[in-house]
Structure formats: C-alpha cells, structure tokens
Amino acid sequence: MDRYLIKGGKPLYGEVEISGAKNAAVAIIPAALLVDGVCRLENVPRISDVSLLLNILEQMGATIRRVNRSTIDIDCSQARQTGVPSELMRKIRASYYLIGAALGRFGHAEVSMPGGCDLGARPIDQHIKGFNALGAKVEVEAGMVYAKAPDGLTGNAVYLDVVSVGATMNIMMAAVLAKGKTTIENAAREPHIVDLANFLNSMGADVRGAGTNVIRVYGTGQLTGGAYSIIPDQIEAGTYMAAVAAVGGEVLVKNVIPKHLECITSKLQEMGVTVKDLGEAVLVKRDGPLHRTNIKTMPYPGFPTDMQPQIGIALCLAQGTSIITESIWDNRYRYLDELKKMGVTVQVDGKTAVIEGVTGLTGAPVSCCDLRAGAALVIAGLAAQGETIVEQIHYIERGYEDLVEKMQGLGADIDYLLAPVEPDHTSNLRAIS
Ligand code: EPU
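Residues numbered from 1 in each chain as written. Predicted model: local features only at pLDDT ≥ 70, side-chain atom pairs only at ≥ 80, totals over all residues. Heavy atoms only, no water.

## Some words on the state of the cysteines
Worth spelling out the cut-off: Counting rule for disulfides: a pair of cysteine sulfur atoms within 2.5 Å.
Under the defined criterion, the tally for this structure stands at 0 disulfides. Not part of a disulfide, C76 finds its nearest cysteine sulfur in C39, a span of 6.6 Å.

Next comes the structure, spelled out in structure tokens:
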C-alpha cells in the first residue's frame, strides 16, 4: 500500500516528456491478436494497464519481447483463445477489446465482463449490438461474455445508439478480418480511434474514415506484421497543463500533438493561462489569477471527461463560481468529497458540480477512487500549503508513467511513501526446521 507524500506550494518549472497514449495502447495491444506476425510497437507507455494486457496476451500464447524502454515486439501467430484467469481480465476495462479481437481472429471469444475504474454503469450493449450485426451470437452469463461466429463474421451496417469509444474500436477489430464491408455510424472520433485505425492499416487492414463519425472497414483476409508508433497521450499532456494552471509556473510539455489538446487549451486560455503551440510541444504558463469558467464534458472534439477532475482542481482555485456538467459518466465527482478535506467549497447535484473558488488549499490525507481522480488529488496536493498524503496510488499507476519522477523533474516536492516491509517470519521458521 504505497502512498505519495507531497509538500505543496511550489510552482512548476521545466520540461516534461509525454508518454504514449494509454487509451490507444490498451486497444492496440489486444488488436495485435489479429495479426499473424510480429507487431513492433513503439512509444508504449510503461503503466500497469499495459503490463496487465501483455500478461493476458502471453497467457494466450503470444510471445512478447521488450526491445527497449518504450518498444515491444508482440507475436500472436501462435496465440489461441484459452481461458485467461478471470481475475486478471476483471482488473482492467480494456479486456473488452479481447472480445472483438478474438472473435475476428478465432471466430469465438470467452472473456470476463470488464473491470476498471468505477465511474458508474459501464454497459457494453453497443459492443454486443455490433458483434450481433456481424453475425456473432453473444451471451453474457455469470460474469462472462461468450461470443461465437461459427460461420465467420460478415460485414454489415452498425448504427451506435450512443457515441462509444470502446464499441467503435471493438467493432472495428471484429470487422477487419470479416467478409465484406462494415459501416459504423455515429462512431466516436477520439484521437485513439484514429490511432487504432492507423495501426490496423499499417498491418494490412483497410479502415477508412476514422476521426469522422462514419467509419468503413473493408474486410481483408489476413493482417501481417509491421512497426507502429503509438500517439502521445492527450490526457497525460492535459494533466500536466492543468497542473501548471492550478499550481502556477511555466512548463514545456513535449512530445504532444497540439491539435489533440485544443479542447483543453481553449478552456485553460479562458481561465487566464497562456498556452503556446510549438509544433510538437506546448508551452504552458500561469503567473496571474485564474478566472472562473464552465465545463461540459462531451465526446471528442468536446472537452474530455478524462480531464474533468484535473481541470476541476484549477477551477477550485479560480476567482468566482464555476459550473461543471459531467455528461459521460454518472460517478465522476467522488474526488470532490476528498477535496473538501483540503478546503474546497463545492455542491454536487446529479451531473452538475458548482464550485466556489477559494484562495488556497490546505494539505490533507486523501484517497484516490479512480485514475483521473488520483491525478487530480496529486495536483491539489502540489497546489496546497502543507503536506498531502495520497493513498490508493495503484489507480494512478494504471495510466500515468513515472508521475512522481516527472513532477520531481518540474521541481515538485513529491515522493513515494513506501509501506514498511513486514518482517518475514516464515524464512526464520524454514531455517529452524
Ligand atoms: N455506453 C453505453 N453502452 C455501451 C458503451 C458505452 O451506454 O455499450 C455509454 C457509457 O455508459 C458512457 C458513454 O457511453 O456513458 C461513453 O462510454 P465509452 O464506451 O465511450 O467509454 P469506454 O470505452 O468504456 C473509454 C476510456 C475512458 C473514457 C471513455 C470516454 C478506455 C479503456 N477507456 O471508456 O477512459 O472515459 O472512453 O472517453 O479507453 C480513463 O482513461 O480514465 C477512462 C475512464
């Protein structure tokens, strides 16, 4: 049970390098199952969700080789659809991509209902609707999803009732090896959707229109190997930008695609933060007061729900009253309860949070309840006067590579507070017996 200890109140200065995108990596790694050959993936983030997925693929018979810090080779040519332990799959939301990938590759899939952060109801009905349209029979029983397409999958038109990142990518994966053409209408448009399509195309697939709300997939017989570099993480970059907004200072956020950050940049600019587009980096500076604003989370290119808690901290420190409307997840305001311990004044009513800006926060012991909430609590600790202890940091480690080291590089006073090692009585016993 490691924790972070933060001594807040120091502005952030320097440069930070952004890692590969978590939500692209957790789709592209399962999609490697569709490839009959070696996929070399570059810019892979070193986070626990990625390690879990690699572990799952290994248990399915894939060979994984780490080439260097951020490059791995995945060879799924000998992979099979075998029973990966359910407890492993339940640890991660993205295990649902194994349904689309295994259906596409083997014609059947057996996967535990996905786990991940508790953000409220997280149905997969739209994924199932897509698999059914392609000719698969899907049953959900005792926490397992069983999908079967004994006659193979055949392309079809799928209209998504809600804009879903997961359903869009899962249907894309099932469709690339299907017979004929699949059309996904009302598709999600996030940068990681485009990244998955580019990955699949670089392995020999024919996916068109990713990044718009109509995606067409023309089934191909086989995907062969190749090399692909994952895009930089939009949300990790946004988290450091929000940290500069809340804490103050000047930081060069490197290895980013500024276009992907526009939805975040424009809100920060409204709040009085300077953000300069430098091509493959953004320079973020805040030395004056923060202005209030309103935020409504929306599918891309709207303001991302995955940035709502981090920007929420900056709003807590802005002059005046700000209103947040969370329109994607039901349960994404729990971090605000923790923040009340640090002096934040906020009222939540359903999808709406009304935040009264305060002039400063006070350090306190707080506990993460999900990944982005965890990042928000770290930012709050860095902005607060005094000491903050952040507990349940395993949530943060699911999606942020080296958060502590990167923040330290910007001058933040943050470190691990390691749990004391329990004395190992068993080794004594072994020596005696
Ligand atoms: N939805 C349905 N039915 C479905 C699928 C989704 O009703 O079959 C609803 C959801 O309940 C939600 C909305 O549609 O209200 C959007 O859900 P989506 O499917 O887009 O979310 P997801 O694919 O489960 C991914 C990210 C989340 C991110 C959301 C929205 C991954 C592994 N997760 O989840 O990331 O919040 O898209 O952008 O890619 C995070 O990184 O912290 C995180 C939670």
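## Some words on the packing of aromatic side chains
What counts is decided by this rule: Working definition: rings of Phe, Tyr and Trp (its six-membered ring) pair if their centres are within 6.5 Å, and the pair is stacked with planes under 30 degrees apart, edge-to-face with planes over 60 apart, and tilted otherwise. Partly exposed describes any residue whose relative accessible area lies between the buried limit of under 20% and the exposed limit of over 50%, with all areas from a 1.4 Å probe on protein chains only and scaled to the type maximum.
Summed over all chains, the structure comprises 3 aromatic pairs. Aromatic pair Y96 and Y97: ring centres 4.6 Å apart, planes at 80°, arrangement edge-to-face. Residue class for Y96 comes out buried when judged on its relative accessible area of 9%. We classify Y97 as buried; its relative accessible area is 3%.

## Description of helix α10 (residues 308-316)
This is how the line gets drawn: What counts as a helix is a DSSP run of H or I of at least four residues, what counts as a strand is a run of E of at least two, and both are numbered from the N terminus.
By the criterion of burial, α10 is predominantly enclosed, with 9 of the 9 residues buried. Burial in α10 covers these residues: Q308, P309, Q310, I311, G312, I313, A314, L315 and C316.

## Things to note about helix α12 (residues 371-383)
Condition: A helix is expected to span 1.5 Å for every residue after the first. In the analysis that follows, any N or O atom pair within 3.5 Å is treated as a polar contact, provided that within protein one partner can donate a hydrogen and the other can accept it, and provided that, for residues neighboring in sequence, both atoms belong to side chains.
Between the first and last C-alpha of α12 there are 19 Å, a value that for 13 residues agrees with the 18 Å anticipated at 1.5 Å per step. When you tally the buried positions in α12, you get 13 out of 13 residues, the bulk of the element. Regarding α12, its N-cap is D370, as a side-chain oxygen of that residue lies 3.2 Å from the backbone nitrogen of R372 further along.

## Points about the pairing of strand β1 (residues 3-7)
Selection rule: Two strands are counted as paired when DSSP detects at least two bridges linking them.
Where β1 and strand β23 (residues 413-417) come together, 5 bridges link them in antiparallel fashion. Its bridge partner being in β23, I6 is matched across the sheet by I414.

## Considering the site of the ligand
Note the following rule: One heavy atom within 4 Å of a molecule or strand is enough for the residue carrying it to be called near that molecule or strand. Where accessible areas are quoted, they stem from the Shrake-Rupley method and a 1.4 Å probe; at the residue level, only the protein chains shown are allowed to cover. Under the convention adopted here, Pro, Cys and the residues Ala, Val, Leu, Ile, Met, Phe, Trp and Tyr are nonpolar, Asp, Glu, Lys and Arg are charged, and Gly plus all remaining residues are polar.
For the ligand, the set of nearby residues contains 25 residues, the closest of which are Y96, Q126, S164, D306 and I328. Q126 places a polar main-chain atom, nitrogen or oxygen, 2.7 Å from an oxygen atom of the ligand. In this structure, an oxygen atom belonging to the ligand sits 2.9 Å away from a main-chain N or O atom of G166. Calculation on the ligand without its partners gives an accessible area of 820 Å², and the protein chains cover 89% of this total. Only α1 (22-31), α5 (125-133), α6 (165-175) and α12 provide two or more residues apiece to the shell around the ligand. Its residues assigned to classes, the shell around the ligand shows 12 nonpolar, 6 polar and 7 charged.

## Comments concerning the environment of I184
Position of I184 relative to the elements: it lies in strand β10 (residues 181-185). Assessed through its relative accessible area of 0%, I184 is described here as buried. Expressed as a C-alpha distance, the spacing of I184 and I215, which sit 31 residues apart in the sequence, is 5.1 Å.

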